[in-house]
Amino acid sequence: MAELPIPDLPPARCSGRFTISTLLGVEEGGRGPYTPTEGSSCDSVQPTHLSSSTLCTRTFGYNTVDEVPAYDHYANSKGVGDPRKGRPSLADLHSILKPDPGRLHTPVSDLQQSNGLPEAGLEEAEGEPGRDSVPEPVRFGWVKGVMIRCMLNIWGVILYLRLPWITAQAGIALTWLIILMSVTVTTITGLSISAISTNGKVKSGGTYFLISRSLGPELGGSIGLIFAFANAVAVAMHTVGFAETVRDLLQEHNSLIVDPTNDIRIIGVITVTVLLGISLAGMEWEAKAQILFFLVILVSFINYLVGTVIPATAEKQAKGFFSYRADIFAQNFVPNWRGPEGSFFGLFSIFFPSATGILAGANISGDLKDPAVAIPKGTLMAIFWTTVSYLVLSATIGACVVRDASGSLNDSVAVGSPGCEGLACSFGWNFTACSQQQSCRYGLSNYYQSMSMVSGFGPLITAGIFGATLSSALACLVSAPKVFQCLCKDQLYPLIGFFGKGYGRNSEPIRGYMLTYVIAIGFILIAELNAIAPIISNFFLCSYALINFSCFHASVTNSPGWRPSFRYYSKWAALFGAAVSVVIMFLLTWWAALIAFGIVIFLLGYVLYKKPDVNWGSSMQASSYNMALNYSVGLSEVDEHIKNYRPQCLVLTGPPNFRPALVDFVGTFTKNLSLMLCGNVLIGPRKQKMPESRLMADGHTKWLMKRKIKAFYTDVVAEDLRSGVQMLIQAAGLGKMRPNILVLGYKRNWRTASPQSLEDYVGILHDAFDFKYGVCLMRMKEGLNVSRVLQAHVNPTFEAAEHPKNGTGSKAAPGTADPTALASEQQASTVFQSKQGKKTIDIYWLFDDGGLTLLIPYLLGRKKRWGKCKIRVFVGGQINRMDEERKAIVSLLSKFRLGFHEVHILPDINQKPRPEHIKRFDELIAPFRLNDGFKDEATVNEMRQGCPWKISDEEIDKNRAKSLRQVRLNEILLDYSRDAALIAITPPIGRKGRCPSSLYMAWLETLSQDLRPPIILTRGNQENVLTFYCQ
């Protein structure tokens, strides 16, 4: 810990080992800096001026800036590096403390207990004093909030109307298999939900929140939208199920309101309106209604079980009920397939929707006291008890009721009567006639209301059907707005934010309720949901598949952040659950599965295209890191080959937004091809520049992303430009993904810049060659540095004196300190962003550098904006051998397969330039001449002491031919390439220690001056980058 120097003080008045006291600043009353304050449990120490207003606290019995671990320090934490509440920053602990007696510190956080941990049930922040207290929202435990809600949603009309019929068709054995297969999928999904929901604090949004925060906004957003819509339509489905039951009762008593179809609409609209009123009354009323429905279903189920043990009356026997009989159980144990749906998977597709509904509790995660405990416990318990109820029902009804019965009391016969066939004959009933003619109206295979017939009191089963349908409708009516509200707040899709507004202490999405109500009314009015129901089931299954895949993906990425407190899950079981869910989707309805996948893919594509600015630490991010790491390590094991050579560029951009043309040029030919690294040297004291480095890196990266440049940004702090570039050259890159080309802008102001900056600039070129880098210099007539324009845009009073020097180092410039402003600033347009039309790219391949001078223009020409440009290659030659040399170059280029067919030989490259151009060159180097009069080397070195850039007379004489060649080449460039789109030329190399920096810059200046198109001076490292061999 960082301890504070403390003078002798009275003994500390601390009541416990972990006592923390707030240290107040010096008041005006003349107190000394270490005078104890009244009422404090520990002595105060001198306050310090800390960057985050962190308090000096008394911990473990001595004074320190450090704080003990506390809940508040981790609450609301987001990204890596974000400031935490209450904890001192690294600078507070590590940097020199500056006493500031006049500063009064206020407490950052008051811990609830002496060990810094919050009391159970407390929220992250207390209400501020003086402000009206907000009513505590209603929160539910695992029984009321999850288990009962899930059980009600799982139980449905299939429990009452279809399970007996499925038992008759498939037999008890296969019915149990169907139930257990369905439950296997839901149990695996329940385990996955449990793992995801215990991996961090779960907020509102339910299934959407779990998937989106695990897999990211792309899949999470798409599944959230269709899941909310599926729940809204499910409200209509369950309401219509209730309305049909009521309509059937009205028909039995000849009391139809209008006609069968319109009665469903009328009853459905009235019902969903009442359910909406219950929902709008608040979650507490909705929970009470769910408990009422739960009790009704339990009573109806008990009523059924009691009915199975009551001796059967003659009327019930006529309908096939004979109480528990072993021979009935034996006959119903095996299948008896009937009708078009009489197959295992046909019955499985009918039953499976009754096992769904396990997400009802998770969907109201924001209304639970502790979602991490309630969701796993409640969901798994709901699955267990509903499974038991399904198994018990199929076994009991299969042991009591025969498959076929006439329902006629006249069919009773004496036991053992001749001509009687079937199991009922042994009980005194002859159902042979209707069984053979398949006209029986009763029995498990024919009568859907068998549960009502068996039960002790039939109307209670009808009440149970009402409770099951209404509770499911109510659960979906609550789930849909809650999920949709979270989706609206994330703003992944346009035009839906209006529905995300919350009202009241529970932040109820009233607008979302109304939208769900309208959708439900619309589908109720259709009154025919047979075509919609399979799509809804597929949407739910799609959610199950993604939840399981989320759990598998989070586990397999080995992210340190995946630490669920629920341990009873398996990543391979989750993957199996995801695969089975997809298979079941196609088994249920293949066309509906295709529709569901189509909608998911469309919504996924939209979010991928929009790239929302959210960061949830998803497993997709962890997977991207894993893949990048594995491929990078794997790449290190691969030997390099010329065929796989890629120009990987370290671009000395300084701040990238200062030199957009340089960024665009390199970004054009490296995009989706090779590495591009934008390097920036921050010149100055490390202590002063490090905060700027941390602050600016994010902004520059976002600027590159906004410009659609696929590049990395990195910076170093150095005392001077050259040492900073040396750091970048040596340290940039990772494994085989390391730069092999240094790209920088041409130094236009070399004649007026300080001599040391000139030495550094040329020294950087020498350093690049020393480290086996290729070098690429870019010169444009209007210059590369647009920082002056940017600063003038930000600050109209910007003056020339504030303008950073036109090098690659970055001085602190006004208007660049805000990363957000960097990313949002207006993008400068450059020539490399516009289509070039039918111009030419002229390559002057004067010296063989390994082929880099050819490769970069070739890669540029493959891009759409440069695709129509004709590439011309110019090489030097002798006038008497022009044809032979041209054929040789054409043959070489054809072997390289570059597609360059226009080759020009320059026979006059060694002719003497015009006198006026020679005179201009002499005037250019005149200020840098030593004028030593051809003295000996020792004298020259003594004269040049302190000014190594000076050019001696002997050096001018020795390099005269080379100097005149640059003058002549400039004349040739002006003659042949005045209207080109781009010129690429091999520059001369100045021998290290033998060619002064001013002379070398004079060569580059002379070679590239007065040219309108951009000129690229490219020099490889003399190693092949092109080959015509296939191995």
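For the protein chain, an unreviewed UniProt entry supplies the name Solute carrier family 12 member 3 and the organism Taeniopygia guttata. Turning to the protein chain, the UniProt annotation filed under Catalytic activity (unreviewed entry) states: "chloride(out) + Na(+)(out) = chloride(in) + Na(+)(in)". Word for word, the UniProt comment on the protein chain under Subunit (unreviewed entry) is "Homodimer; adopts a domain-swap conformation at the scissor helices connecting the transmembrane domain and C-terminal domain. Interacts with KLHL3. Interacts with IL18R1; this interaction is increased by IL18 treatment."

Asks: What is the right way to read the overall build of the protein chain from this model?
Replies: Broken down by element type, the protein chain carries 33 helices and 13 strands. In the protein chain, which comprises 1031 residues, the proportion classed as buried is 51%. Within the protein chain, counting contacts between residues at least 6 apart in sequence, those at least 24 apart form 79% of the total.

Asks: Please clarify how the pairing of strand β9 (residues 840-844) should be interpreted in this entry.
Replies: In summary, the side chains of a regular strand alternate between the two faces of the sheet. Of all 5 residues that make up β9, 5 are buried, and the element is covered over most of its length. Burial along β9 is two-sided: Thr840, Asp842 and Tyr844 facing one way and Ile841 and Ile843 facing the other are all buried. Relative to strand β10 (residues 870-876), β9 runs parallel, the two being bridged by 5 bridges. Note on β10: the bridge partner recorded for Thr840 is Lys870. For the handedness criterion, the β-α-β arrangement of β9, helix α27 (residues 852-861) and β10 is classed as right-handed.

Asks: What's the story with the pattern of salt bridges in this structure? I'm lost.
Replies: One pass over the full model with this rule turns up 18 salt bridges. In this structure, Asp1010 and Arg920 form a salt bridge, with 3.0 Å as the shortest nitrogen-oxygen distance. Here Asp1010, found in the loop between α33 (997-1008) and β13 (1015-1019), pairs with Arg920, found in helix α29 (residues 915-925); they are 90 residues apart in sequence, far enough to count as distant. Looking at Arg920, the relative accessible area reads 31%, which means it is partly exposed.

Asks: What exactly am I supposed to notice about the side chain of Ser550 here?
Replies: Mapped onto the elements of the fold, Ser550 is located in helix α17 (residues 533-556). Given the relative accessible area of 0%, Ser550 is considered buried. When near neighbours in sequence (up to four residues on either side) are disregarded, Ser550 contacts Ile196, Ile211, Ser214 and Leu215.

Asks: Even after reading the chapter, I still don't get the side chain of Glu885, so can you show me in this structure?
Replies: In this fold, Glu885 is placed in helix α28 (residues 882-896). Judged by relative accessible area, Glu885 falls into the buried class, the value being 15%. Residues within four places of Glu885 in sequence aside, it is in contact with Gly876, Gly877, Gln878 and Ile905.

Asks: Sorry, what's going on with the packing of aromatic side chains here?
Replies: Given two aromatic rings, their pairing is described by the distance between the two centres and the angle made by the two planes. Following the criterion strictly, the structure yields 28 aromatic pairs and no others. Site record: aromatic cluster; members linked through ring pairs are Phe665, Phe669, Phe832 and Trp866. When the ring centre of Tyr503 is taken as origin, the NZ or CZ atom of Lys501, which lies over that ring, is 5.4 Å away.

Asks: I'm lost on α29 in this one. Help?
Replies: Each turn of an α-helix holds 3.6 residues, which means side chains three or four residues apart point in the same direction. Buried within α29 are the following residues: His917, Ile918, Phe921, Leu924 and Ile925. One side of α29 carries all its buried residues, which in axial view fall inside an arc of 115°. Exposed positions of α29 whose direction lies more than 90 degrees from the buried face are Pro915 and Lys919. On its buried side, α29 packs onto α31 (953-958), α32 (960-976) and α33.

Asks: What should I look at first to understand the packing of helix α7 (residues 260-280) against helix α15 (residues 458-490) in this one?
Replies: In helix packing, the relevant descriptors are the interaxial angle and the interaxial distance, both defined with respect to the helix axes. In contact at an axis separation of 10 Å, α7 and α15 are set at 55° when each is read in the N-to-C sense. The orientation of α7 with respect to α15, classified from their angle, is oblique. Handedness of the crossing formed by α7 with α15: right-handed. Along the contact surface, α7 presents Thr271, Leu275, Leu276, Ile278 and Ser279, while α15 presents Leu470, Ala473, Leu474, Leu477 and Val478.

Asks: Looking at this structure, I do not really get a nonpolar patch on the surface. What am I missing?
Replies: Nonpolar side chains collect at one region of the surface, where Phe586, Trp590, Trp591, Leu594, Ile595 and Ile599 lie side by side and expose about 560 Å² of accessible area between them. The element contributing the most residues to the nonpolar patch is helix α19 (residues 590-610), with 5 residues. Relative to the elements of secondary structure, Phe586 occurs in helix α18 (residues 571-588).

Asks: Sorry if this is basic, but what is going on with the packing of helix α2 (residues 142-154) against helix α12 (residues 371-398) here?
Replies: Two numbers describe how α2 lies on α12: the axes approach to 8 Å, and their chain directions differ by 35°. Seen from above, α2 lies across α12 with right-handed handedness. Every residue of α12 that contacts α2 at Trp142, Val146, Met147, Cys150, Met151 and Ile154 is listed here: Ala374, Ile375, Lys377, Gly378, Thr379, Met381, Ala382, Trp385, Thr386 and Tyr390. Within the contact of α2 with α12, the residues separate by chemical class into 12 nonpolar, 3 polar and 1 charged.

Asks: Whenever I open this one, the nonpolar core confuses me. Can you help?
Replies: With 133 residues, the main nonpolar core has Tyr160, Phe351, Tyr390, Val401 and Ile584 as its most contacted residues. Contact partners of Val401, with chain neighbours within four places excluded, come to Gly320, Phe321, Ile328, Asn332, Gly443, Leu444, Met453 and Val454. Counting 57 residues, the second-largest nonpolar core is a separate cluster that includes Leu652, Val762, Tyr773 and Leu1011.

Asks: Can you walk me through a positive patch on the surface in this structure?
Replies: Residues Lys611, Lys671, Lys708, Lys710, Lys835, Lys838, Lys864, Arg865 and Lys868 make up a contiguous surface patch of positive charge. Along the chain, Lys838 turns up in the loop between α26 (819-824) and β9. A relative accessible area of 76% places Lys838 in the exposed class.

What counts and how
Residues numbered from 1 in each chain as written. Predicted model: local features only at pLDDT ≥ 70, side-chain atom pairs only at ≥ 80, totals over all residues. Heavy atoms only, no water. UniProt positions renumbered as here; feature names shortened; annotations may be inferred. Helix = DSSP H or I, 4+ residues; strand = E, 2+ residues; numbered from the N terminus. Buried < 20%, exposed > 50% of the residue type's maximum accessible area, 1.4 Å probe, protein only. Contact = heavy atoms within 4.5 Å. Pairing = 2+ DSSP bridges. Right-handed = clockwise from strand over helix to strand, strands pointing away. Salt bridge = Lys/Arg side-chain N within 4 Å of Asp/Glu carboxyl O. Phe/Tyr/Trp six-rings, centres within 6.5 Å; stacked < 30°, edge-to-face > 60°. Lys NZ or Arg CZ within 6 Å of the ring centre and 35° of its normal. Arc of directions from axis to C-beta. Axes fitted to C-alpha atoms, helices over the stretch in contact; angles between N-to-C directions. Parallel < 35°, antiparallel > 145°, perpendicular 65-115°, else oblique. Left-handed = near helix turned anticlockwise from the far one by under 90°. Patch = residues over 30% accessible without salt bridge, like charges linked within 9 Å, V, L, I, M, F, W, Y side chains within 5 Å. Areas by Shrake-Rupley, 256 points an atom, 1.4 Å probe, with all protein chains shown as cover. Nonpolar A, V, L, I, M, F, W, Y, C, P; charged D, E, K, R; others polar. Core = buried A, V, L, I, M, F, W, Y, C linked by side-chain atoms within 4.5 Å. Lys, Arg positive; Asp, Glu negative; His and termini not counted. Charge placed at Lys NZ, Arg CZ, Asp CG, Glu CD.

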